[in-house]
Amino acid sequence: GAVVSQHPSRVICKSGTSVKIECRSLDFQATTMFWYRQFPKQSLMLMATSNEGSKATYEQGVEKDKFLINHASLTLSTLTVTSAHPEDSSFYICSAKEGHTEAFFGQGTRLTVV
Amino acid sequence: RKEVEQDPGPFNVPEGATVAFNCTYSNSASQSFFWYRQDCRKEPKLLMSVYSSGNEDGRFTAQLNRASQYISLLIRDSKLSDSATYLCVVNIDGAGSYQLTFGKGTKLSVIP
């Protein structure tokens, strides 16, 4: 099946710093990418949807100035958590799809803010 | 009411047992339905799509009841490797777009 690579898999950062997470589609052109967040024992919650070359659409309650999403090419989307705080510690997962195909998930990034 | 609601679990079953998971969804306009499997600290992986006619893949059988807005997953002859969290997932929009809404998941532990 299609491969989506997410990097880094784990990151620990200090409070107040920014962290960038990359999501790459390795063998297909991802016209749409999704970013999810999952807190312990909770379901995945969609944060935003991005289409290549256009601004991301954020879900209600997700601060677009705090979670910066860039989808500049058909194979790469990035999520930057700006001025991270301990409450931002979570498991962040991207998924990508081409056209009307199913979405494939990255391996996830476990962010810990200390 | 939550958009996608699942059995709370956890389910602890012996090897070889048959186990069933249930899921209900609130939006009657939902178009696509899936079961995903998520291992601890890993990304979710598609287990199977769910169709109105019901579908089977080896030991796994999925059923959809649109009238009751109910989805089920049956696992027969449980293996230790089936231990995971099973996520009921619904495509809520259904208007040519693809936004997945996840249930909270049901944890399954298969015991030797």
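Note that the structure is a prediction, hence the values are computed from the model and not measured. (Residues numbered from 1 in each chain as written. Chains lettered and ligands numbered in written order. Predicted model: local features only at pLDDT ≥ 70, side-chain atom pairs only at ≥ 80, totals over all residues. Heavy atoms only, no water.)

## Let's talk about the overall build of chain B
Item 1. A tally of regular secondary structure across chain B gives zero helices and eleven strands.
Item 2. The linear arrangement of helices and strands in chain B, starting from the amino end, is β-β-β-β-β-β-β-β-β-β-β.
Item 3. Against the globule reference of 13 Å for 112 residues, chain B gives a C-alpha radius of gyration of 14 Å, in line with a compact fold.
Item 4. Seen along its three principal axes, the alpha-carbon backbone of chain B occupies a region of about 45 × 30 × 25 Å.
Item 5. Split into buried and exposed, the 112 residues of chain B put 44% on the buried side.
Item 6. In chain B, the share of contacts with a sequence separation of at least 24, taken over all contacts with a separation of at least 6, comes to 56%.
Item 7. With the model as given, the accessible surface of chain B reaches about 5,400 Å², and the carbon-plus-sulfur share is 48%.
Item 8. For chain B, the distance from the average position of its 12 positive side-chain charges to the average position of its 11 negative side-chain charges is 4 Å. (Helix = DSSP H or I, 4+ residues; strand = E, 2+ residues; numbered from the N terminus. Rg over C-alpha atoms; globule rule 2.2 N^0.38 Å. Buried < 20%, exposed > 50% of the residue type's maximum accessible area, 1.4 Å probe, protein only. Contact = heavy atoms within 4.5 Å. Areas by Shrake-Rupley, 256 points an atom, 1.4 Å probe, with all protein chains shown as cover. Lys, Arg positive; Asp, Glu negative; His and termini not counted. Charge placed at Lys NZ, Arg CZ, Asp CG, Glu CD.)

## A few points about the sheet that holds strand β8 (residues 70-75) of chain B
Strand pairs in the sheet, formed through backbone hydrogen bonds, run parallel or antiparallel to each other.
Residue and element names in this part refer to chain B.
Item 1. Read from one edge of the open sheet, five strands run β1-β3-β8-β7-β6, paired in antiparallel fashion. Each of the sheet's edge strands pairs with one partner strand only, and the pair in question is β1 (4-6) and β6 (55-57). Each neighbouring strand pair of the sheet contributes to a mean axis angle of 15°, computed without reference to strand direction.
Item 2. Inspection of the sheet shows β6 paired to strand β7 (residues 60-65) by three bridges, in the antiparallel sense. Looking across to β7, one finds that Asn55 is bridged to Ala62. (Pairing = 2+ DSSP bridges. Axes fitted to C-alpha atoms, helices over the stretch in contact; angles between N-to-C directions.)

## What about the sheet that holds strand β7 (residues 67-73) of chain A?
All names here are of chain A.
Item 1. A sheet is described by the order of its strands in space; here four strands give the open sequence β1-β3-β8-β7, paired in antiparallel fashion. Pairing within the sheet leaves two strands with one partner each, and these edge strands are β1 (4-7) and β7. Going across the sheet, the axis of each strand differs from the next one's by a mean of 15°, ignoring polarity.

## Here's the deal with the interface of chain B and chain A
Item 1. Each partner contributes to the interface: chain B provides 15 residues, whereas chain A provides 22 residues.
Item 2. Regarding the contact of chain B and chain A, the summed buried area is about 1,500 Å², with carbon and sulfur atoms giving 56% of it.
Item 3. Summed over the shared surface of chain B and chain A, the result is zero salt bridges.
Item 4. Counting across the chain B and chain A interface gives one residue pair in polar contact (both at pLDDT 80 or more).
Item 5. At the level of secondary structure, the elements contributing two or more residues to the side of chain B that touches chain A comprise β4 (32-38) and β10 (100-102) of chain B.
Item 6. The residue makeup of the side of chain B that touches chain A, split by class, is seven nonpolar, four polar and four charged. (Buried area = accessible area lost by both parts, 1.4 Å probe. Salt bridge = Lys/Arg side-chain N within 4 Å of Asp/Glu carboxyl O. Polar contact = N/O pair within 3.5 Å; in protein donor to acceptor, adjacent residues only side chain to side chain. Nonpolar A, V, L, I, M, F, W, Y, C, P; charged D, E, K, R; others polar.)

## Quick look at the pattern of salt bridges
All names here are of chain B.
Item 1. Per the counting criterion, the structure on display carries six salt bridges over all chains.
Item 2. Across the pair Arg76 and Glu56 runs a salt bridge, and its minimum N-O distance is 3.5 Å. Separated by 20 residues along the polypeptide, Arg76 in the loop between β8 and β9 (84-91) and Glu56 in strand β6 bring together distant segments of the chain.
Item 3. A salt bridge links Asp82 to Arg59; its shortest N-O distance comes to 2.8 Å. Taken together, the residues Asp82 in the loop between β8 and β9 and Arg59 in the loop between β6 and β7 connect sequence positions 23 residues apart.
Item 4. Assessed through its relative accessible area of 3%, Asp82 is described here as buried.
Item 5. Of the residues examined, Arg59 reaches a relative accessible area of 21% and is grouped as partly exposed.

## Considerations on the packing of aromatic side chains
Residue and element names in this part refer to chain B.
Item 1. Taken as a whole and assessed by the stated rule, the structure comprises twelve aromatic pairs over all chains.
Item 2. Look at Phe11 and Phe21: their rings are 5.2 Å apart centre to centre, the planes differ by 85°, and that puts the pair in the edge-to-face class. Placement of the pair is Phe11 in strand β2 (residues 11-14) and Phe21 in strand β3 (residues 19-25), with a sequence separation of ten residues.
Item 3. For the pair Phe34 and Tyr36, a centre-to-centre distance of 6.4 Å together with 65° between the ring planes defines the contact as edge-to-face.
Item 4. Its relative accessible area of 7% is what places Phe34 among the buried residues. (Phe/Tyr/Trp six-rings, centres within 6.5 Å; stacked < 30°, edge-to-face > 60°.)

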